[in-house]
Structure formats: structure tokens, C-alpha cells
Amino acid sequence: MKLFPYKWVKVADGLYVRLSNHYRYSDFGVRDSGEMRYTGRRYVADETPGTGFIERESESHSYHQFVRRKLAEQRPSYWKLLLDKEPSFDKAIAEASKAMVNATDKRKRDFLECYVNALTVASKEEYAQRVIRAIKDKMGHRSDRFMSSVISHYKSKIRQLEHDMYAVQRHVKDRCTGESYEAYCEMVHAFTRVASCRRIWQPNTQKRRYDQVYFDLGVFDYIRSDTYLPLMRDNLGRRIYFLPDVIIVARSAVDFDVLPLKTLTLVCQELAIVEPTEDMLSSIGDAASMIEIPELNLNFYFNHYHAIHDFVRAVDKLKSTL
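Structural notes, computed from the coordinates. (Residues numbered from 1 in each chain as written. Predicted model: local features only at pLDDT ≥ 70, side-chain atom pairs only at ≥ 80, totals over all residues. Heavy atoms only, no water.)

Overview of a positive patch on the surface
Item 1. A contiguous patch of positive charge, built from Arg24, Lys136, Lys155 and Arg159, is present on the exposed surface.
Item 2. Tracing the chain through its elements places Lys136 in helix α5 (residues 106–139). (Patch = residues over 30% accessible without salt bridge, like charges linked within 9 Å, V, L, I, M, F, W, Y side chains within 5 Å. Areas by Shrake-Rupley, 256 points an atom, 1.4 Å probe, with all protein chains shown as cover. Salt bridge = Lys/Arg side-chain N within 4 Å of Asp/Glu carboxyl O. Lys, Arg positive; Asp, Glu negative; His and termini not counted. Charge placed at Lys NZ, Arg CZ, Asp CG, Glu CD. Helix = DSSP H or I, 4+ residues; strand = E, 2+ residues; numbered from the N terminus.)

Right, here's the structure in full:
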């Protein structure tokens with residue numbers, strides 16, 4: 001437990017700085033430097049290092065509220081620090097290492113092994129970023145050649161860590177054939193149109209209502225993909241990630257199931273041929289289609305049809321290459 005929001009540390013000969021104890025959110029290991037400046041899209045981190053999503057353009061007011069809530073969770077708070085509610089690399093590494101030892105599924109163990117290695121590298125980068133911030137705060141607006149040289153030293157360390165991170169990550173492109181990867185990229189493109197639907201609902205059988213959920217392109221456990229990973233969220237708090245050969249049904253960064261995509265069934269159905277119930281009419285009156293995933297007991301409803309149909313066809317095409 002951390003009692004103070006900062007501590008004094010020696011970062012070079014004769015140089016002591018006030019180092020923040022708060023976790024520093026970053027997109028290290030998620031994308032290359034400069035990508036945000038090129039695309040303008042923010043990376044929104046989840047509660048665990050190495051997981052998050054890329055904010056997409058949307059006209060949905062509720063989606064913007066959802067993103068703002070996620071960003072608000074990143075604000076440093078002394079009480080969260082004191083109660084150990086902030087993300088922590090030490091905690092994440094310990095949990096992932098324990099889950100890796102206990103994993104009986106070889107595929108899950110492989111994912112966790114890459115995650116542990118990536119967390120180890122990312123923890124060093126996060127510390128270096130906090131040191132740089134502390135030196136800049138001490139230097140203020142004045143010019144100091146010695147402190148500037150120390151900053152350059154830590155930035156050089158970060159550049160080396162970027163190469164180390166790339167080497168230990170699980171790369172989607174390297175885990176499948178060229179044909180499957182091409183089909184996967186087409187599927188991701190089709191998924192972006194599904195995610196951009198203004199409304200996506202999921203039935204809540206306990207409360208007899210339909211909850212609004214959000215799809216995005218995301219990152220899971222530092223898995224590296226040029227296209228990011230299609231991410232479905234359900235109203236049970238699970239996140240479903242699509243990879244070229246498997247899907248990951250994640251309850252947390254270390255508690256997840258790996259299921260083969262080949263055996264997964266996605267059924268698209270136009271709601272014009274479905275007899276609507278009273279609850280459906282009152283909650284999702286403008287719904288046009290649905291996706292059913294029987295293996296996960298999931299149904300999603302959308303206010304468009306063609307985008308949903310194209311996505312399911314793209315998944316079927318990908319499955320045919322496996």
C-alpha cells in the first residue's frame with residue numbers, strides 16, 4: 001500500500017526528483033509513436049495495463065458518454081492510490097504469472113506467457129516516463145543542460161524498450177497464413193461498419209429489457225495487430241475479441257477463454273421476419289437485424305441490416321480459410 005502520492009528518488013548523480021506514485025497511462029506497446037497524431041484517434045485504456053480500445057467517430061451521444069466515463073476513471077486520485085485501486089504493473093505481473101502457471105489450456109498459457117513478458121517491458125517504460133515527467137517538473141521553464149541530458153538518456157531507454165516490446169508481443173500476422181490474414185483484414189473492415197451502428201442492443205432477461213452495448217476496435221494483453229482487434233462487449237461485462245483463428249472471451253486480462261473460430265456460429269437475421277415482443281417494441285423499435293452466437297448464448301440487435309450481413313459473410317469467409 002502506498003501512503004504518499006510521491007517519493008524522492010535519485011535518477012542521476014546529484015539529481016533527486018519527486019517521483020509520482022500514480023500509475024501513468026500510455027499507449028506504449030499498443031501502437032507506434034506518432035500514430036495518434038496521424039489518425040487523430042485516442043487510445044482509451046481499460047483498468048488493466050495492455051487492454052483498451054481506440055475511440056471511433058460516432059454521432060451517438062451515449063457512446064461519447066461511455067468514452068468520457070472511461071477517461072474519467074484514469075484521473076489520478078489519492079484515495080484510489082491509498083486503497084490500491086489504481087492499475088499496477090506489479091499486481092498485473094503477479095496475477096498473470098499465477099494464471100499462466102494454473103492454465104490447463106495450452107493456447108491460453110501461450111497468450112499469458114506473452115502477456116507476462118510484455119508487462120515486464122512495459123513496467124520499465126512506465127517508470128521511465130514518470131522519471132521524465134518528474135525531471136521536467138523540477139526543471140520548470142528554465143534551461144538546464146544537465147537535466148536535459150538526463151531526460152535524453154531516459155528517452156533513449158524508452159526507444160530501446162520499444163524494440164524489446166515488439167520482440168515479446170504476440171503478433172497476429174505471424175500466427176496465420178497469408179490467405180487467412182487477408183480474410184481477417186476484410187473481416188475487420190466489415191466489423192468497423194458494424195461497430196459504427198448508432199445503436200446496438202442486447203437482451204437482459206433478468207430485467208426484461210434491452211441494454212445498449214458498444215463495439216470497438218481494441219487491444220487485449222498487448223497483442224499486436226496492424227488492424228487492432230474487433231471487440232464486442234456484452235452486458236455481463238465480458239469482452240469478446242476476434243483473432244484470425246480464435247476468439248477470446250475475456251472477463252479480465254487474466255481470466256478468459258480461448259475458443260476456435262472455426263467452430264463458432266454467427267447467424268444474421270433480418271427482424272422483418274421476426275415476431276416482435278412488447279418488450280422489444282418498447283426498447284428497440286427501430287431495430288432492423290440481429291446477430292446470434294449460440295455457443296456464447298449471445299444475441300445482439302442493430303438498427304442496420306446490410307453492414308451486419310456483410311460482417312457475418314466476412315467471418316464465414318475467414319473460417320473457410322482455416
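What to know about the state of the cysteines
Item 1. Inspection of every chain in the model, using the stated rule, returns zero disulfides.
Item 2. Among the cysteines around Cys114, which has no disulfide bond, Cys176 carries the closest sulfur, lying 15 Å off.
Item 3. Of the residues examined, Cys114 reaches a relative accessible area of 14% and is grouped as buried. (Disulfide = S-S within 2.5 Å. Buried < 20%, exposed > 50% of the residue type's maximum accessible area, 1.4 Å probe, protein only.)

Brief notes about the pattern of salt bridges
Item 1. Counting across every chain of the model gives 18 salt bridges.
Item 2. Notably, a salt bridge pairs Asp216 with Arg233, separated by 2.8 Å at the nearest N-O pair. Here Asp216, found in strand β7 (residues 216–219), pairs with Arg233, found in strand β8 (residues 229–233); they are 17 residues apart in sequence, far enough to count as distant.
Item 3. Residue class for Asp216 comes out buried when judged on its relative accessible area of 0%.
Item 4. Salt bridges here are not isolated pairs; linked through shared partners, they connect Asp46, Lys70 and Arg239.

A look at empty space enclosed by the protein
Item 1. Within this structure, the stated rule accounts for three cavities of 30 Å³ or more.
Item 2. Computed from the structure, the largest cavity encloses a volume of approximately 100 Å³.
Item 3. Considering the residues around the largest cavity, the lining is formed by 17 residues, among which Tyr23, Ser26, Phe28, Gly50 and Tyr222 are closest to the centre.
Item 4. Of all the elements in the fold, those that place two or more residues in the lining of the largest cavity are β3 (43–45) and α5.
Item 5. The biggest single contributor to the lining of the largest cavity is α5, with three residues.
Item 6. Looking at the lining of the largest cavity residue by residue, the class counts come to nine nonpolar, four polar and four charged.
Item 7. Within this model, the second largest cavity holds a volume of roughly 50 Å³.
Item 8. If you go around the second largest cavity, the residues you meet are Arg56, Ser58, Ser60, Tyr63, Ala195, Cys197, Arg198, Arg199, Ile200, Gln212, Val213 and Tyr214.
Item 9. A breakdown of the residues in the lining of the second largest cavity according to their chemical character gives six nonpolar, three polar and three charged. (1 Å grid on protein atoms, 1.4 Å probe; cavity = no way out; pocket = protein on both sides within 12 Å on 5 of 7 lines; lining within 4 Å. Points joined across faces, edges and corners; volume = space filled by probe spheres on them. Nonpolar A, V, L, I, M, F, W, Y, C, P; charged D, E, K, R; others polar.)

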